[in-house]
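# Observations on chain architecture
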Amino acid sequence: MRVTEALRRKGGSVVTISGEQSVRELLALLAQHGIGAVVVSDDGVQVDGIVSERDVVRRLHSDGDGVLDGPVAQIMTAEVHTCGPEATLDELMPLMTERRFRHVPVLVDARLTGIVSIGDVVKHRIAEVQAERDQLTAYISGGP
Ligand code: AMP
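Presented here is a report on the structure given in the accompanying data block. Residue indices follow the written sequence of each chain, beginning from 1 at its first position. Owing to the predicted nature of the model, reporting of local features is limited to residues with pLDDT of at least 70; listing and counting of side-chain atom pairs is limited to 80 or more, with chain, interface and lining totals taken over all residues. Water and hydrogen atoms play no part in the side-chain values, which are based on all heavy atoms of the structure.

### Section: the pattern of salt bridges
So the rule is basically this: What counts as a salt bridge is simple: a side-chain nitrogen of Lys or Arg found within 4 Å of a carboxyl oxygen of Asp or Glu. Counting from the N terminus, the helices are DSSP H or I runs at least four residues long and the strands are E runs at least two residues long.
Enumeration over the complete set of coordinates arrives at 10 salt bridges. A salt bridge links Lys10 to Asp120, with the shortest nitrogen-to-oxygen separation between them at 2.9 Å. Linking Lys10 in helix α1 (residues 3-10) with Asp120 in helix α5 (residues 118-140), this pair joins segments that are 110 residues apart in sequence. As a salt-bridge pair, Asp55 and Arg58 come within 3.8 Å of each other at their nearest N and O atoms. With Asp55 and Arg58 both in helix α3 (residues 53-63), this residue pair falls three residues apart, about one helical turn. Salt bridges sharing common partners tie together Glu5, Arg8 and Arg9.

Printed below as a string of structure tokens:
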């Protein structure tokens, strides 16, 4: 399945935060939306970075809770791996596994149009495996 189809099914809305906002505000966004990462963007269109719950945990461990009142820009990952709408979820699966990140923002003409999470990829894979199993079962039992 292509990213464009996955976004059509789940919607293209992406939660963003400005790099100047505090880590405390980031935590509120993560909790409010039940998500694990937020795209850092001043205008909601251009990607300045990505910040996930893992960044917060690591910095809390290394620098203490003073980090909570600091800006998101200080803990975000600035070099973001993105994809286009024509990428497939099958391509993103090994990328996420090898690089150890669970979120890939989707860009069209350098504009943020969606985000694919490892949850989306796994959901798609489970549906595929179930469909394959149903086909095999029907084949073996001689059904339609
Ligand atoms: P995650 O698994 O998405 O919670 O992120 C794990 C680490 O990878 C964190 O340091 C994130 O800032 C970083 N990260 C998440 N997504 C991306 C991405 N698409 N490109 C580069 N780094 C990322």
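### Quick look at the site of the ligand
Our working rule: The nearness test applies per residue and asks whether one of its heavy atoms lies within 4 Å of the molecule or strand. We call two N or O atoms a polar contact when they sit within 3.5 Å, provided that within protein one can donate a hydrogen and the other can accept it, with sequence-adjacent residues counted only if both atoms are side-chain atoms. The method behind every accessible area is Shrake-Rupley, applied with a 1.4 Å probe, and residues are considered shielded solely by the protein chains displayed. Three classes are used: nonpolar for Ala, Val, Leu, Ile, Met, Phe, Trp, Tyr, Cys and Pro, charged for Asp, Glu, Lys and Arg, and polar for all others, with Gly counted as polar.
Around the ligand sit 15 residues, and of these Ser52, Asp55, Thr77, Arg102 and His103 come closest. His81 is positioned with one of its backbone polar atoms (N or O) 2.8 Å from a nitrogen atom of the ligand. The separation between an oxygen atom of the ligand and a polar side-chain atom of His103 is 2.6 Å. In isolation the ligand exposes 470 Å². Once the protein is present, 94% of that is buried. Only β3 (49-52), α3 and β4 (103-108) provide two or more residues apiece to the shell around the ligand. Class assignment for the residues of the shell around the ligand results in five nonpolar, four polar and six charged.

### Observations regarding the pairing of strand β2 (residues 37-40)
The criterion, for reference: We call a residue buried when its accessible area falls under 20% of the maximum for its residue type, exposed when it is over 50%, and partly exposed in between, using a 1.4 Å probe and counting protein chains only. Only when DSSP finds a minimum of two bridges between them are two strands counted as paired. Orient the strands so they point away from the viewer; a crossover is then right-handed if the path from the first strand over the helix to the second runs clockwise.
Here β2 shows no split at all, with Ala37 and Val39 on one side and Val38 and Val40 on the other all buried. Pairing of strand β1 (residues 16-17) with β2, which is carried by two bridges, proceeds in the parallel orientation. Note on β2: the bridge partner recorded for Ile17 is Val40. As a crossover connection, the stretch from β1 through helix α2 (residues 23-33) into β2 is right-handed.

### A few points about the sheet that holds β1
With respect to topology, three strands assemble into an open sheet ordered β1-β2-β3, the strand pairing being mixed. One side of each edge strand has no neighbouring strand; the edge strands of this open sheet are β1 and β3. Taken together, the four bridges between β2 and β3 define a ladder with antiparallel strand orientation. Looking at the pairing, Ala37 lines up with Ser52 of β3.

### Re α2
Because each turn of an α-helix spans 3.6 residues, side chains separated by three or four positions end up pointing in the same direction. Stated formally: The arc in question is formed by the directions pointing from the helix axis toward the C-beta atoms. It only takes one pair of heavy atoms within 4.5 Å for two residues to be counted as in contact.
Residues of α2 that are buried include every one of Val23, Leu26, Leu29 and Leu30, and no others. Viewed end-on, α2 has its buried residues packed into an arc of 110°, placing them on one side of the element. Among the exposed residues of α2, those oriented more than 90 degrees off its buried face are Ala31 and Gln32. In the core, the buried residues of α2 are packed alongside β1, β2, β3 and α3. Looking one or two residues past α2, Gly34 carries a phi angle of roughly 60°, positive in sign.

### Some details on a nonpolar patch on the surface
Selection criterion: What makes a patch is a set of residues exposed beyond 30% relative accessible area and free of salt bridges, joined within 9 Å when like-charged and within 5 Å when nonpolar (Val, Leu, Ile, Met, Phe, Trp, Tyr).
A surface patch of nonpolar side chains, about 430 Å² in accessible area, is lined by Leu136, Tyr139 and Ile140. If you trace the backbone, Ile140 turns up in helix α5.

In short, geometric facts, not functional conclusions.
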